[in-house]
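An overview of the molecular structure
Residue-level listing of the chains:
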Amino acid sequence: MSDEKAPITKWYKDTSGLLELGDSLETHPTAHNSFITANKDFFVCADAGGTPLIDADKYVLRVEGNAIKQPLELSYDAILKLPSHSLIAFLECAGSQRNLFKEVMGQEAKSGNFFMTPWMLGGVGNAVWTGVSLRTILEMAGLEPDAVDVNAKGLDIHSPEGGVSRPIPIEKALDPDTILAYFMNGEPLLPDHGFPLRLLVPGWIGSNSIKWVGNITVSSKKIWVNRNTKNYVFIGPEWPAAEYAPAIGGTITEQNIKSSLALAWGATLQAGKQMLRGIARSANQITRVEWSDDAGTTWTDAQLLEPELSKSELLKSSARYAWTRFEFEWDAPVGEQSIMTRAYDDVGNIQPMEIPYNEEGYLFNAVYQHPLKVVAS
């Protein structure tokens, strides 16, 4: 199957309840009102032109490169028999909240890039992922001590790149929580989410979590591809291209710190006491979330919520990369209103009040006013 062209369709999953954005599907922000995002509600970034349907019976994972001792081939069944590893992690497109550059800063991301999905608040989800640690596979192939980069490539050979890929450094590849996932929330991956096997690189931008992985290359040199030279890089005066060659801008790897309400943009609420909820996330642990209804003049701490899972479920899965839910009570007055939220994490990151613009609208994480309309009860 790694050498065959799989049948393609736009989406295989039921799209009702999701927001269609060209080739992609956005989670409605109200679905962020739970700790785990249901598979049916989970966003789909399909910037490669559709979903391939891979035949698991014919599937072969190939591992190669000059930084392994011997090439390796594994069937789907063989991978399922390897020691499994589970983690709870949010997955978010680097372009998530891209349209807030326009809505909040009045600077629209430039068009002309086939990756430019006009995301608002729903390019993110939180799931329980189960698979085999990438480290296990690499050790089976015999890692050479000079290994530098690991590049997973998808079987979406119909894509403009002939198979999406984006390398990660060997240190991240060897993190036990970097996995080749085959289950999502306890079920086999849907084709739209990468069946039979997807890379899950927790804490990093979604572009690194390659779907439909068919090939892994381990190299003793830095690997350069479309998605770390021309796309998924910061382009703007803050990132002079000459400093990042052969990339044309600043490299994007880890997710930054951000927070958002589990409400539609411009949602209508009734006046009076309302319990508002949202999600905060970072490549690190969220420790605090504040909210303001007076454009940031005063701030009040929100309540951080415990994961809605049993202790036994949490013990089975690492939750280091999960998002954190929060809530606060608001006495909503009639009229056009707005709420701001601001997150903090355990390494000292604070969600910024202002951020520099980048042309492709990546990693918007500025504190912003979420507009709401409040009507009389």
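This text goes with the structure placed above it.
Worth saying up front: this structure is predicted, and the values here are computed from it rather than measured.

To continue, consider the overall build of the chain. Scanning the chain from N- to C-terminus turns up six helices and 26 strands. For the chain, the C-alpha radius of gyration of 21 Å lies close to 21 Å, the compact-globule estimate for 377 residues. For the C-alpha atoms alone, the extent of the chain along its principal axes is close to 65 × 50 × 40 Å. Every one of the 377 residues in the chain was classed for burial, and the buried ones make up 56%. Sequence-distant contacts, at least 24 apart, represent 74% of the contacts inside the chain between residues at least 6 apart. A total accessible area of about 15,300 Å² is found for the chain, and carbon and sulfur atoms account for 50% of it. Across the chain, the mean location of the 32 positive side-chain charges is 2 Å away from that of the 46 negative side-chain charges.

With that settled, the discussion passes to the pattern of salt bridges. A side chain of one charge can pair with a side chain of the opposite charge when the charged atoms of the two come close. For the structure shown, the criterion picks out 14 salt bridges. Here Glu-73 makes a salt bridge to Arg-62, at a shortest N to O gap of 3.1 Å. Of this pair, Glu-73 sits in strand E6 (residues 72–75) while Arg-62 sits in strand E5 (residues 60–64), and the two are eleven residues apart along the sequence. A salt bridge links Arg-277 to Glu-327; the shortest N-O distance between them is 2.9 Å. Within this pair, whereas Arg-277 is found in strand E19 (residues 272–281), its partner Glu-327 is found in strand E24 (residues 324–332), the two being separated by 50 residues in sequence.

Across a sheet, strands are paired by hydrogen bonds formed along the backbone, either parallel or antiparallel in direction. Spatial ordering of the open sheet is given by E6-E5-E14-E9-E10, a layout of five strands whose pairing is mixed. On the outer flanks of this sheet lie E6 and strand E10 (168–169), each paired with one strand and no other. Pairing between E5 and E6: four bridges, direction antiparallel. Bridging across to E6, Val-63 finds its partner in Leu-72. The strands touched by helix H3 (residues 134–141) are E5, E6, strand E9 (149–154), E10 and strand E14 (213–219); relative to E6, the strand with the most contacts, the crossing angle is about 130 degrees.

If you look at the biggest cluster of nonpolar residues, it comprises 55 residues, and the most contacted ones within it are Leu-61, Trp-129, Leu-180 and Ile-216. Ranked by residue count, the leading element in this core is strand E11 (residues 179–184), at five residues. Listed in part, the 19 residues of the second largest apolar core include Ile-286, Val-289, Ala-343 and Leu-372.

Another point: the layout of surface pockets. There is about 250 Å³ of room inside the largest pocket. What lines the largest pocket is a set of 13 residues, among which Gln-285, Leu-305, Pro-307, Trp-323 and Thr-324 lie closest to the centre. Looking at the lining of the largest pocket, its residues break down into eight nonpolar, three polar and two charged. Of the volumes computed, that of the second largest pocket is approximately 160 Å³. If you trace the second largest pocket, you find 15 residues lining it, with Phe-234, Trp-239, Asn-256, Tyr-362 and Leu-363 closest to the centre. Residue composition of the lining of the second largest pocket, grouped by class: eight nonpolar, six polar and one charged.

Listed in full, the buried residues belonging to H3 are Leu-134, Ile-137, Leu-138 and Ala-141. For H3, the arc enclosing every buried residue in end-on projection is 95 degrees, short of the 170-degree limit, so these residues lie on one face.

Before going further, it helps to spend a moment on the pairing of E19. Summarising the sheet, strand E17 (residues 258–261) and E19 pair through four bridges and their orientation is antiparallel. Each bridged residue has a counterpart across the sheet, and for Ser-259 the counterpart in E19 is Ala-280. Taken together, the nine bridges between E19 and E24 define a ladder with antiparallel strand orientation. By the bridge assignment for E24, Arg-277 is matched with Glu-327.

Backbone torsion omega between Phe-195 and Pro-196 reads 10 degrees, so that peptide bond is classified as cis. Looking at the secondary structure, you find Pro-196 in the loop between strand E12 (187–188) and strand E13 (198–200). A cis amide bond links Ala-245 to the next residue, Pro-246, at an omega of 10 degrees. Backbone geometry places Tyr-232, a non-glycine residue, at a positive phi of 60 degrees. Mapping Tyr-232 onto the fold places it in the loop between helix H5 (226–229) and strand E15 (233–234).

Rules used in this analysis
- Residues numbered from 1 in each chain as written.
- Predicted model: local features only at pLDDT ≥ 70, side-chain atom pairs only at ≥ 80, totals over all residues.
- Heavy atoms only, no water.
- Helix = DSSP H or I, 4+ residues; strand = E, 2+ residues; numbered from the N terminus.
- Rg over C-alpha atoms; globule rule 2.2 N^0.38 Å.
- Buried < 20%, exposed > 50% of the residue type's maximum accessible area, 1.4 Å probe, protein only.
- Contact = heavy atoms within 4.5 Å.
- Areas by Shrake-Rupley, 256 points an atom, 1.4 Å probe, with all protein chains shown as cover.
- Lys, Arg positive; Asp, Glu negative; His and termini not counted.
- Charge placed at Lys NZ, Arg CZ, Asp CG, Glu CD.
- Salt bridge = Lys/Arg side-chain N within 4 Å of Asp/Glu carboxyl O.
- Pairing = 2+ DSSP bridges.
- Axes fitted to C-alpha atoms, helices over the stretch in contact; angles between N-to-C directions.
- Core = buried A, V, L, I, M, F, W, Y, C linked by side-chain atoms within 4.5 Å.
- 1 Å grid on protein atoms, 1.4 Å probe; cavity = no way out; pocket = protein on both sides within 12 Å on 5 of 7 lines; lining within 4 Å.
- Points joined across faces, edges and corners; volume = space filled by probe spheres on them.
- Nonpolar A, V, L, I, M, F, W, Y, C, P; charged D, E, K, R; others polar.
- Arc of directions from axis to C-beta.

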